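Topology and contacts: notes
Chain by chain, the residues:
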Amino acid sequence: MTNDQAYIRLAMRIFADFGVSTAVPAVLAALGGKWLDARYGTAPKLLIACLAAALALTALTIVRKARRYSAEYQRLIASESKAPPSPES
(Lines give C-alpha, C1' and ligand atoms only; values in the text may rest on other atoms or scores of the structure.)
Protein backbone atom coordinates (compact mmCIF):
# COMPACT_ATOMS: atom_id res chain seq x y z
CA MET A 1 0.00 0.00 0.00
CA THR A 2 1.35 3.39 -0.96
CA ASN A 3 1.51 6.28 1.48
CA ASP A 4 -1.28 8.10 -0.35
CA GLN A 5 -3.54 5.09 0.05
CA ALA A 6 -2.71 4.88 3.75
CA TYR A 7 -3.66 8.54 4.22
CA ILE A 8 -6.89 8.09 2.28
CA ARG A 9 -7.83 4.98 4.27
CA LEU A 10 -7.17 6.81 7.53
CA ALA A 11 -9.26 9.78 6.38
CA MET A 12 -12.16 7.53 5.39
CA ARG A 13 -12.00 5.70 8.74
CA ILE A 14 -12.03 9.02 10.59
CA PHE A 15 -14.94 10.31 8.50
CA ALA A 16 -17.02 7.18 9.04
CA ASP A 17 -16.17 6.85 12.72
CA PHE A 18 -16.93 10.48 13.54
CA GLY A 19 -20.13 10.40 11.49
CA VAL A 20 -21.44 7.37 13.34
CA SER A 21 -20.23 8.75 16.68
CA THR A 22 -22.32 11.88 16.21
CA ALA A 23 -25.41 10.54 14.44
CA VAL A 24 -26.20 7.44 16.48
CA PRO A 25 -26.35 9.08 19.94
CA ALA A 26 -28.42 11.97 18.59
CA VAL A 27 -30.95 9.67 16.93
CA LEU A 28 -31.18 7.37 19.95
CA ALA A 29 -31.55 10.34 22.31
CA ALA A 30 -34.30 11.85 20.15
CA LEU A 31 -36.22 8.58 19.94
CA GLY A 32 -35.72 7.78 23.61
CA GLY A 33 -36.57 11.29 24.76
CA LYS A 34 -39.72 11.40 22.67
CA TRP A 35 -40.80 8.02 24.01
CA LEU A 36 -40.11 9.07 27.62
CA ASP A 37 -42.03 12.32 27.11
CA ALA A 38 -45.02 10.42 25.69
CA ARG A 39 -44.90 7.91 28.54
CA TYR A 40 -44.64 10.45 31.37
CA GLY A 41 -46.35 13.46 29.78
CA THR A 42 -43.37 15.77 30.24
CA ALA A 43 -42.96 17.01 26.68
CA PRO A 44 -40.37 18.33 25.74
CA LYS A 45 -38.37 18.24 28.98
CA LEU A 46 -37.04 14.68 28.75
CA LEU A 47 -36.34 15.03 25.02
CA ILE A 48 -34.17 18.07 25.71
CA ALA A 49 -32.46 16.33 28.64
CA CYS A 50 -31.69 13.26 26.51
CA LEU A 51 -30.35 15.39 23.67
CA ALA A 52 -28.15 17.39 26.08
CA ALA A 53 -26.78 14.16 27.57
CA ALA A 54 -26.13 12.78 24.08
CA LEU A 55 -24.32 15.98 23.12
CA ALA A 56 -22.08 15.80 26.19
CA LEU A 57 -21.28 12.12 25.65
CA THR A 58 -20.65 12.71 21.96
CA ALA A 59 -18.24 15.55 22.71
CA LEU A 60 -16.26 13.34 25.09
CA THR A 61 -16.22 10.49 22.59
CA ILE A 62 -15.07 12.75 19.74
CA VAL A 63 -12.22 14.20 21.83
CA ARG A 64 -11.02 10.72 22.81
CA LYS A 65 -11.21 9.46 19.22
CA ALA A 66 -9.49 12.59 17.88
CA ARG A 67 -6.55 11.96 20.21
CA ARG A 68 -6.34 8.34 19.10
CA TYR A 69 -6.48 9.27 15.42
CA SER A 70 -3.91 12.00 15.96
CA ALA A 71 -1.49 9.44 17.39
CA GLU A 72 -2.20 7.13 14.45
CA TYR A 73 -1.57 9.98 12.00
CA GLN A 74 1.72 10.81 13.72
CA ARG A 75 2.77 7.13 13.43
CA LEU A 76 1.91 7.24 9.74
CA ILE A 77 4.05 10.34 9.26
CA ALA A 78 6.91 8.76 11.22
CA SER A 79 6.76 5.57 9.16
CA GLU A 80 6.82 7.65 5.97
CA SER A 81 9.99 9.46 7.01
CA LYS A 82 11.70 6.17 7.89
CA ALA A 83 10.78 4.43 4.65
CA PRO A 84 13.38 4.45 1.88
CA PRO A 85 12.49 6.67 -1.07
CA SER A 86 10.62 4.87 -3.79
CA PRO A 87 12.16 4.74 -7.27
CA GLU A 88 10.53 7.14 -9.69
CA SER A 89 9.35 5.75 -12.97
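First, a word on what this report is: a plain description of the structure on this page. (Residues numbered from 1 in each chain as written. Predicted model: local features only at pLDDT ≥ 70, side-chain atom pairs only at ≥ 80, totals over all residues. Heavy atoms only, no water.)

Here's the deal with the overall build of the protein chain
Across its full length, the protein chain holds 2 helices and 0 strands. Taken along its principal axes, the extent of the C-alpha atoms in the protein chain is 70 × 20 × 10 Å. Sorting the 89 residues of the protein chain into buried and exposed places 15% on the buried side. In the protein chain, 61% of the contacts between residues at least 6 apart in sequence involve partners at least 24 apart. When the accessible surface of the protein chain is totalled, it reaches about 6900 Å², and 68% of it is carbon and sulfur. Separation between the mean location of the 11 positive side-chain charges and that of the 6 negative ones in the protein chain comes to 15 Å. (Helix = DSSP H or I, 4+ residues; strand = E, 2+ residues; numbered from the N terminus. Buried < 20%, exposed > 50% of the residue type's maximum accessible area, 1.4 Å probe, protein only. Contact = heavy atoms within 4.5 Å. Areas by Shrake-Rupley, 256 points an atom, 1.4 Å probe, with all protein chains shown as cover. Lys, Arg positive; Asp, Glu negative; His and termini not counted. Charge placed at Lys NZ, Arg CZ, Asp CG, Glu CD.)

A word on the packing of aromatic side chains
Inspection of every chain in the model, using the stated rule, returns 2 aromatic pairs. Here the guanidinium or amino end of Arg68 rests over the ring plane of Tyr69, the centre of that ring lying 5.0 Å away. (Phe/Tyr/Trp six-rings, centres within 6.5 Å; stacked < 30°, edge-to-face > 60°. Lys NZ or Arg CZ within 6 Å of the ring centre and 35° of its normal.)

Digging into the pattern of salt bridges
Inspection of the entire model under this criterion finds 3 salt bridges. One salt bridge connects Asp17 with Lys65, and the closest N-O pair in it is separated by 2.7 Å. Separated by 48 residues along the polypeptide, Asp17 in helix α1 (residues 3-40) and Lys65 in helix α2 (residues 45-82) bring together distant segments of the chain. Accessibility assignment for this pair places Asp17 and Lys65 in one class, buried. Taking the shortest distance from any N to any O, the salt bridge between Asp17 and Arg68 comes out at 3.3 Å. With Asp17 in helix α1 and Arg68 in helix α2, this pair connects stretches of sequence that are 51 residues apart. (Salt bridge = Lys/Arg side-chain N within 4 Å of Asp/Glu carboxyl O.)

Thoughts on the side chain of Asp17
You can call Asp17 buried: its relative accessible area is 18%. With near-sequence residues (within four places) excluded, Asp17 lies in contact with Lys65, Arg68 and Tyr69.

Digging into α1
Taking 1.5 Å per residue as the helical rise, α1 with its 38 residues ought to reach 56 Å, and the 55 Å between its terminal C-alpha atoms agrees with that figure. Within the sequence span of α1, burial applies to Ala6, Leu10, Asp17, Ser21, Ala29, Gly33 and Asp37. Elements that come into contact with the buried residues of α1 comprise α2. Looking at the residues trailing α1, positive phi occurs at Gly41, about 65°. (Expected span 1.5 Å × (residues − 1).)

Just distances and angles here, no functional claims.
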